[in-house]
Amino acid sequence: MNVNQSAPPVPPFGQPQPVYAGYHQSSYGGQPGSTAAPTPYGAYNGPVPGYQQTPPPGVSRAPASSGAPPASTAQGPCGQTAYGQFGQGDVQNGPSSGVQMQRLPGSQPFASAPLAPVVSQPAVLQPYGPPPTSAQVTAQLAGMQISGAVAPAPPASGLGYGPPTSLASASGSFPNSGLYGSYPQGQAPPLGQGHPGAQPPQRSVPPQASSFTSPASGGPRMPSMTGPLLPGQSFGGPPVSQPNHVSSPPPQALPPGTQMTGPPGPPPPMHSSQQPGYQLQQNGSFGPARGPQSNYGSPYPGAATFGSQPGPPQPLPPKRLDPDAIPSPIQVIEDDRNNRGSEPFVTGVRGQVPPLVTTNFLVKDQGNASPRYIRCTSYNIPCTSDMAKQAQVPLAAVIKPLARLPPEEASPYVVDHGESGPLRCNRCKAYMCPFMQFVEGGRRFQCCFCSCINDVPPQYFQHLDHTGKRVDAYDRPELSLGSYEFLATVDYCKNNKFPIPPAFIFMIDVSYNAVRSGLVRLLCEELKSLLDFLPREGGAEESAIRVGFVTYNKVLHFYNVKSSLAQPQMMVVSDVGDMFVPLLDGFLVNVSESRAVITSLLDQIPEMFADTRETETVFAPVIQAGMEALKAAECAGKLFLFHTSLPIAEAPGKLKNRDDRKLINTDKEKTLFQPQSGAYQTLAKECVAQGCCVDLFLFPNQYVDVATLSVVPQLTGGSVYKYACFQVENDQERFLSDLRRDVQKVVGFDAVMRVRTSTGIRAVDFFGAFYMSNTTDVELAGLDGDKTVTVEFKHDDRLNEENGALLQCALLYTSCAGQRRLRIHNLALNCCTQLADLYRNCETDTLINYMAKFAYRGVLSSPVKTVRDTLITQCAQILACYRKNCASPSSAGQLILPECMKLLPVYLNCVLKSEVLQPGAEVTTDDRAYVRQLVTSMDVAETNVFFYPRLLPLTKSPIENTTEPPAVRASEERLSNGDIYLLENGLNLFLWVGASVQQGVVQSVFGVSSFSQITSGLSVLPVLDNLLSKKVRGLIDGLRAQRSRYMKLIVVKQEDKLEMLFKHFLVEDKSLSGGASYVDFLCHMHKEIRQLLS
Amino acid sequence: MATYLEFIQQNEERDGVRFSWNVWPSSRLEATRMVVPLACLLTPLKERPDLPPVQYEPVLCSRPTCKAILNPLCQVDYRAKLWACNFCFQRNQFPPAYAGISEVNQPAELMPQFSTIEYRGAPSPLIFLYVVDTCLEDDDLQALKESLQMSLSLLPPDALVGLITFGRMVQVHELSCEGISKSYVFRGTKDLTAKQIQVSVQLPQERPSVSTRFLQPIHKIDMNLTDLLGELQRDPWPVPQGKRPLRSTGVALSIAVGLLEGTFPNTGARIMLFTGGPPTQGPGMVVGDELKVPIRSWHDIEKDNARFMKKATKHYEMLANRTAANGHCIDIYACALDQTGLLEMKCCPNLTGGYMVMGDSFNTSLFKQTFQRIFSKDFNGNFRMAFGATLEVKTSRELKVAGAIGPCVSLNVKGPCVSENELGVGGTSQWKICGLDPTTTLGIYFEVVNQHNAPIPQGGRGAIQFVTHYQHSSTQRRIRVTTVARNWADVQSQLKHIEAAFDQEAAAVLMARLGVFRAESEEGPDVLRWLDRQLIRLFMFHLRRSPFLQVFNNSPDESSYYRHHFARQDLTQSLIMIQPILEDPRRSLTVLQPVLLDSSSILADRILLMDTFFQIVIYLGETIAQWRKAGYQDMPEYENFKHLLQAPLDDAQEILQARFPMPRYIHTEHGGSQARFLLSKVNPSQTHNNLYTHNNLYAWGQETGAPILTDDVSLQVFMDHLKKLAVSSAC
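All figures in this text were calculated on a predicted structure; none of them were measured in a lab.

What follows deals with the overall build of chain A. Assigned secondary structure in chain A consists of 47 helices and 28 strands. For chain A, buried positions account for 66% of its 1094 residues. Within chain A, contacts between residues at least 6 apart in sequence are counted, and of these 78% link residues at least 24 apart. Summed over its atoms, the accessible surface of chain A is roughly 33,400 Å², and 53% of this surface lies on carbon and sulfur atoms.

Structure follows, in structure tokens:
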């Protein structure tokens, strides 16, 4: 099956899709599926191997792979059929490389466990089905028990799933919170819930299933379950879809109820049929019963979302999906690393999908921009908007124009076209690039974007060779490379004047809190040395950047540090209502010229304010002052604001404490993310006009309204750093490290970015830290190497397959030496008329980046619930479209995912349960706002790890092996209490210590003799002279080096209070705040898809 | 008995008072007929080396509406220990401390020679607040900085000083900080109330003066301030081509006023504003920053084209009134080639008794020496300045006080001796004079209210008591009491007496003050007409042509400047201002001899020295100039000539030494452009108009003086005309 569907297509996973199917079957079909299993397996195997094997090549691979069997060792066995994916999954997860089946039992208690006894599981099992039915069963049983153990809930879950009785009535009552309750409580439920409904029938049906069923108590329940409810509920309901499903799986569909009821015995159409039937049933039942997806959404947040819905009615079998059987991010990452990490990625070919962001690879620029600069959600774009609409796959590019490159890769060449400036198309103003076609012997060129024919200026003329290429193509970066820079002429400068080198202004809060926490002293001390490391250009000996200093509480203090002064002069401006800059000369100075005065100033600031009693601060006037200072100096620049408290002093931009947790989950929740007043937007606009970028360092002890304070940084391309309850002893390293990095990093100022595209598509939406005054130009007061802009495209015409689609991102900016430049990135994409091509060339990480940003922006204007629903719907639509159009026909009970998107559900689930979209009790409003704006300018690698944290076992691999150990899946099940793990998500870093870690290990890492002596919450590991200690610290340092922000280490002991915090990051598990576990979500997604299909 | 001349002189010496009439007409009717009002010029702090202050409190009349101070004119009953107030006739008990008095044991205030006496009170600090313009050329700024630094050494060591600088912004400097110099900066375009200023500079709400970091004793922060002044930068904001620098004088002054208002009300304080150009922004701006728009001239003002004048004047008046209310005074030192807005700002010194100094540059000796002279000391080593004075005038019943003209503001104290007719600043019996020096002179005008049908008994005397409370420069509070009395006379029977007792000089100055006072508030021609009407019998030809009444050829600033000084100088100086002195050293080689202030005096072989108070002009006649050019003065055989040239220089030097403010010193010769100063002053007996009509066509250039290019009539013509008028009116 699988094969058919995607078969050839997907390169990597080739057939993976099928896998899903398999999965699907298994899971839902449940046991019955097992029968089916065989097929899936086959497919699966196919794919798997293919997948693994498949080398880098895109398309070609797929087929091969499919052909080729089991690259994945583990899977090998089962291999064939639908299983495939699961298999992979297993393998990957593969704690045990062993056979999937085997694993099941062992590894996942829950997996099978779920209440839904048999039934549901069977579905899961299916995959395994064939082989070890029995095994499965047992496993399941085990699972059940566990579940039971875990939470008595199981029964409850039963409810959820539709405990018998309830079922009947259920439809009406579904919603029972009962499920809910249960859901949350017992882990077990998850699966069950998801599938429950569906499963029951399956079980009964399938022959094999039967076997399962029998074992499981499920059987009995089934009946009850059977109730009409089952169907719908279990999957969550795609209400709408119902009709569809009906059609598709008519037979069963109709009967659904009946079947269900009928349960085990009769039902059983063939397993294959069953599955479908089952599904149908589900659909049917669900449809009616519950609300559509939307419901799903809603319940979700509130309680166990879908769990509840489905739950109640269907008694279903709490079957459980084997977590190892579902797609594993870890495996995908590892495979990509192994397959694509070794060879450089050569950008010469159009529409190539680059290696994953988690893979370490080199790039050779041969005409397209490196994926470090641009990544797309899909490298093959539908030719028509109809197709695009059908697929619902967002077409977006994540652009990081000034991305840092590894030392092995050359930064873009700078091209100087002299007086005349860069050569551009006369009509669309696109810049000269490798895709421009030279014609008429080189005298003219045709624009690759708008097809306009332009004359080649005489000084640029060059002959063409026999292939129609300019003979100097390889001598000119703009004709041979994907990324390069032009020196801008004066026409590209503000006011037609070449810019003055930019300036940095340090603006330091000296109110009581800042002084008392030691921040002021620390900062001043640090600045003394840090000023020697201002960014400089190329080989420049000295940075051209000038610096200025301001301190403030409820008034502002400017400092004159002119080199000719014997001592600094302080100028106090108390008219914060009407801010102005009191001095010109001597405010912005060259560091080396004024060093003595600056040092004297930095020595005195902490002294001057040591006894301050002033607790009130202002904020907007501070930014205003910095901006005015830059305006007066007629240069661009950056403000570094160090701020501690809610600005309540009487001044423009004064804020009040409006933190109200009661708003969460109401329609007014969005106001928590919106700025309190429009004043900051206005201010930001002025900043942008002046090229004034604002970086904000926050040190709050309580609510400071990050949502409002971050408006200006956000709109000016700045960064926000937050150090809650800052204490010098604990946070100094993190703060200083961030500060150093932030000050030293290369920044472009006063930038304008424009994305041009081939006729046919058009950039329509932009996400990131910037300001737009019109619909096309992205204005960035400042832009550094960490900032990313996500751009969404829409069709406005047809594209054609032959020409493909081109993107050109042009960034006009002022370098830190004051040079005006244009950086150009070009990228050529393929276009397709077959949806399959689209699905085969997608990149899930990028997709998630887009979807997260989209959702995070959505919370500003819509209730969080709506946002979540939208995400889920879109995801379901994407997958359903695939299923409908690309996958080979198979039972509806199968969940078939495109190989490229098989991680979409898991990642999407992570997005859904992130603190912004589903806050836990301990998450503050400020934290949410902070994260929200952080994500807005994250690149793909950052969103990837942010949403799906890396969990590294430290003691599994041999001590000598100092390379990064392979990660494990972010689930509590994967933790063994005899090991130590590192977990990081780009912002946080935890060291989890199992309760029964060997003493020797404890001694070597922590320098104490026993587990109990380890200080919980420790943030620094002792420096010990032994291999393990070195390795651990080395790893930590290594991880920190990869991230743009310093991650503070927190040591968490198993069973300790802090573990709650840690568990929040185990994203495959159900979260305390109500987020679904991976398995549950997958089930839910399946349901959604089925509803869409039916 | 001495002559009236001696009498007048004596009185002036002793009391600092000169009356227009020294015998007073005994009824309102008669007084009105006499045209020149009964008035006096009072110099409240006239230097009296022989007058040490007594160390006790004055004794007051117990009538609440009177409260006159015991004086030599009072009737005293030594036995009953009673005294009768000579103003209200209230009988008062002496206080217990006076128990021992008798005819032979009189307290000082009862002795006739102590008609002026000074009492001593509690001390309070002196404050000097510098308000310095930094929009200056480098030379100017440097010179100003040096002058200011120099002045630090001249200040009383325990005086408090403060510094405010301004340009586009206004900076209030904190003087007490170590290691870093700190200042509070204000936008130059926004006026603030005293309250806002206090909040802005973070002064404590209660008792703000306790911790003021902006005003520190000079001995503590001498070095700091010297360094601070040394590091003063020129206003750093770029001044584009064709623009004036943005100068926030109005706000700077407002902040200075507000700062003192909040911290040291009713304490002697001097705000010294140094400015090098007109205010160009914010409240009080006088002209925009576009250079192509020139600053207002009299012509513009007449045409109502001075856009900012009214608003600016209002701003400064408001400030002046506040300052006066606080007992502080404002000096303006304006040095620029163009106008600096003195017209608008004049009220600040005028109402508060501050100085106004006008010069071309801070880098001139005119400014430097004038400034230095402010800190000159008297014979006791005290500064010749006093602060926060109130002048109270009490009169006996036949008289009422009609007003005062001088650097004062009304305190609006009504009382029985206040006339309903106002002359000058009237309607009150008390005035505030926030800053004064030993030469500060007020004109005080009285009205005789005695009815014609209620004759005053023969031998009756009218009395006036002037009580001046002030803060001496030694920081003590003091009270000076001057009590004067004059005889009443019946005009019918004693006309001779009255005529003989007429003080022409005092009368001239008093009338001139009235004229100038009116000129300030009324249209020029009206005033002239009024003056002509009043003075038809007084020959004040020169006053008519003086810059105090004529604005032709003077900028509004100059007019303001001249009038300012006219309204506060003593009689002698005032006379010089009205009628400049022209002297010819040739008459006698050692002493300069006055010559007629007439164009006929300007002869080719003369050296002339003219003193107009504001200018000292040395003029060499044509021949003399040629001789000098030829170098005769260097030849031993013409040593005589050398002396001749030197004489006026010495004399000028003498004047320069004594005068405040320093006059402009001009050395010129026949045909020199600067000769215009002389030519504009002399009586144009010969002009281009009558040069040919009179028969001296060929006389010019020989012994007949120089023709003046003017349309003004000469004294001769004026007199003729007057005579005609006098005759016709007599009919």
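Residues and elements named next belong to chain A. Following the criterion strictly, the structure yields zero disulfides over all chains and no others. Among the cysteines around C693, which has no disulfide bond, C692 carries the closest sulfur, lying 7.4 Å off. Since its relative accessible area comes to 1%, C693 is described here as buried. Among the cysteines around C842, which has no disulfide bond, C900 carries the closest sulfur, lying 6.2 Å off.

Right, let's talk about the domain arrangement of chain A for a bit. Where the parts come together, the accessible area they lose is often given as the size of the interface. According to the domain assignment, chain A consists of domain 1 (414-483), domain 2 (503-744), domain 3 (843-948 + 1073-1093) and domain 4 (949-1066). Computed over C-alpha atoms, the centres of domain 1 of chain A and domain 4 of chain A are 54 Å apart.

Turning our attention to the interface of chain A and chain B. Taken together, the 27 residues of chain A in the interface contact 21 residues of chain B. Between chain A and chain B lies a buried interface of about 2,100 Å² when both sides are counted; carbon and sulfur atoms form 52% of it. For chain A, the biggest contributors to the area lost against chain B are A:M570, A:V572 and A:F580; these three give 25% of the whole. Seen at the junction of chain A and chain B, the total is two salt bridges. When the shortest N-O distance is used, the salt bridge between B:R187 and A:D578 registers 3.1 Å. Applying the counting criterion to the chain A and chain B interface returns 12 residue pairs in polar contact (both at pLDDT 80 or more). Contributing elements (two or more residues each) for the side of chain A that touches chain B: β13 (556-560), β14 (569-573) and α32 (595-608) of chain A. Residue contributions to the side of chain A that touches chain B peak at five residues, all from β14(A).

The next point concerns the nonpolar core. Judged by nonpolar contacts, the single largest core of 158 residues is most densely connected at A:F735, B:I444, B:F446 and B:F466. The element best represented in this core is helix α13 (residues 504-521) of chain B, accounting for nine residues. With residues near it in sequence (within four places) discarded, A:F735 still touches A:L519, A:L522, A:L523, A:F642, A:F697, A:F699, A:Y723 and A:F726. In terms of nonpolar packing, the next biggest core, distinct from the first, is built from 150 residues, A:V573, A:I878, A:L879 and A:C900 among them.

A separate point is the packing of helix α3 (residues 138-154) of chain B against helix α11 (residues 365-374) of chain B. The description of two helices packed together rests on the angle between their axes and the distance between the axes. All names here are of chain B. Two numbers describe how α3 lies on α11: the axes approach to 10 Å, and their chain directions differ by 20°. Classified by the interaxial angle, the pair formed by α3 and α11 is roughly parallel. As α3 runs across α11, the sense of the crossing is right-handed. In this structure, α3 contributes A143, L144, S147, L148, M150, S151 and L154 to the contact, and α11 contributes F367, K368, F371 and Q372.

Bringing the packing of helix α31 (residues 519-530) of chain A against helix α37 (residues 728-744) of chain A into the picture now. Residues and elements named next belong to chain A. Contact geometry of α31 with α37 gives a least axis separation of 11 Å together with a crossing angle of 35°. The chirality of how α31 crosses α37 is right-handed. Taken together, the residues of α37 that come into contact with α31 (itself represented by L519, L522, L523, E526 and L530) are V728, Q732, F735, L736, L739, R740, V743 and Q744. Here the contact of α31 with α37 is composed, by residue class, of nine nonpolar, two polar and two charged.

Residues and elements named next belong to chain A. Pairing in this open sheet of four strands is antiparallel, and the strands run β3-β5-β22-β20 from one edge to the other. Each end of this open sheet is capped by a strand with a single partner; those strands are β3 (374-376) and β20 (761-767). In this sheet, neighbouring strand axes are inclined to one another by 25° on average, regardless of whether the strands run parallel or antiparallel. Each of β3, β5 (395-399), β20 and β22 (789-795) is contacted by helix α39 (residues 844-858), which is oriented at about 60° to β20, the strand it contacts most.

So, how was this worked out
- Note that residues are indexed from 1 along each chain, following the sequence as it is written.
- Lettering of chains starts at A and numbering of ligands starts at 1, both following the order in which they are written.
- Confidence filtering applies because this is a predicted model: local features only for residues at pLDDT of at least 70, side-chain atom pairs given and counted only at 80 or more, and all residues used for totals across whole chains, interfaces and linings.
- In computing side-chain properties, one takes all heavy atoms of the structure into account and sets aside hydrogens as well as water.
- Helix and strand assignments come from DSSP, with helices taken as H or I runs of at least 4 residues and strands as E runs of at least 2, each series counted from the N terminus.
- Residue burial is assigned from relative accessible area. The probe radius is 1.4 Å, only protein chains are included, and a residue is buried under 20% of its type maximum, exposed over 50%, and partly exposed in between.
- Any two residues whose heavy atoms approach within 4.5 Å at even a single point are treated as in contact.
- A 1.4 Å probe and the Shrake-Rupley method give the accessible areas. Residues count as covered only by the protein chains that appear here.
- Criterion for a disulfide: a pair of cysteine sulfur atoms at a distance within 2.5 Å.
- Residue ranges assigned to the domains are those given by an automatic or database domain assignment.
- Reported buried area values correspond to the accessible surface (1.4 Å probe) lost by two parts on association, with both partners' losses combined.
- By convention in these notes, a salt bridge is any Lys or Arg side-chain nitrogen within 4 Å of a carboxyl oxygen on Asp or Glu.
- Polar contact criterion, stated in full: a pair of N or O atoms within 3.5 Å, where within protein one must be able to donate a hydrogen and the other to accept it, and residues adjacent in sequence count only if both atoms are side-chain atoms.
- Buried Ala, Val, Leu, Ile, Met, Phe, Trp, Tyr and Cys residues form a nonpolar core when they are joined through side-chain atoms within 4.5 Å.
- Orientation is described by axes fitted as lines to C-alpha atoms, over the contacting stretch for helices, and by angles from 0 to 180 degrees between their N-to-C directions.
- Note on terminology: angles under 35 degrees are roughly parallel, angles over 145 are roughly antiparallel, angles of 65 to 115 are roughly perpendicular, and the others are oblique.
- Handedness of a crossing follows from how the near helix is turned relative to the far one, being left-handed for an anticlockwise turn of less than a right angle and right-handed for a clockwise one.
- Residue type decides the class: Asp, Glu, Lys and Arg count as charged, Ala, Val, Leu, Ile, Met, Phe, Trp, Tyr, Cys and Pro as nonpolar, and the leftover types, Gly among them, as polar.
- Strands are labelled as partners when DSSP assigns at least two bridges between them.

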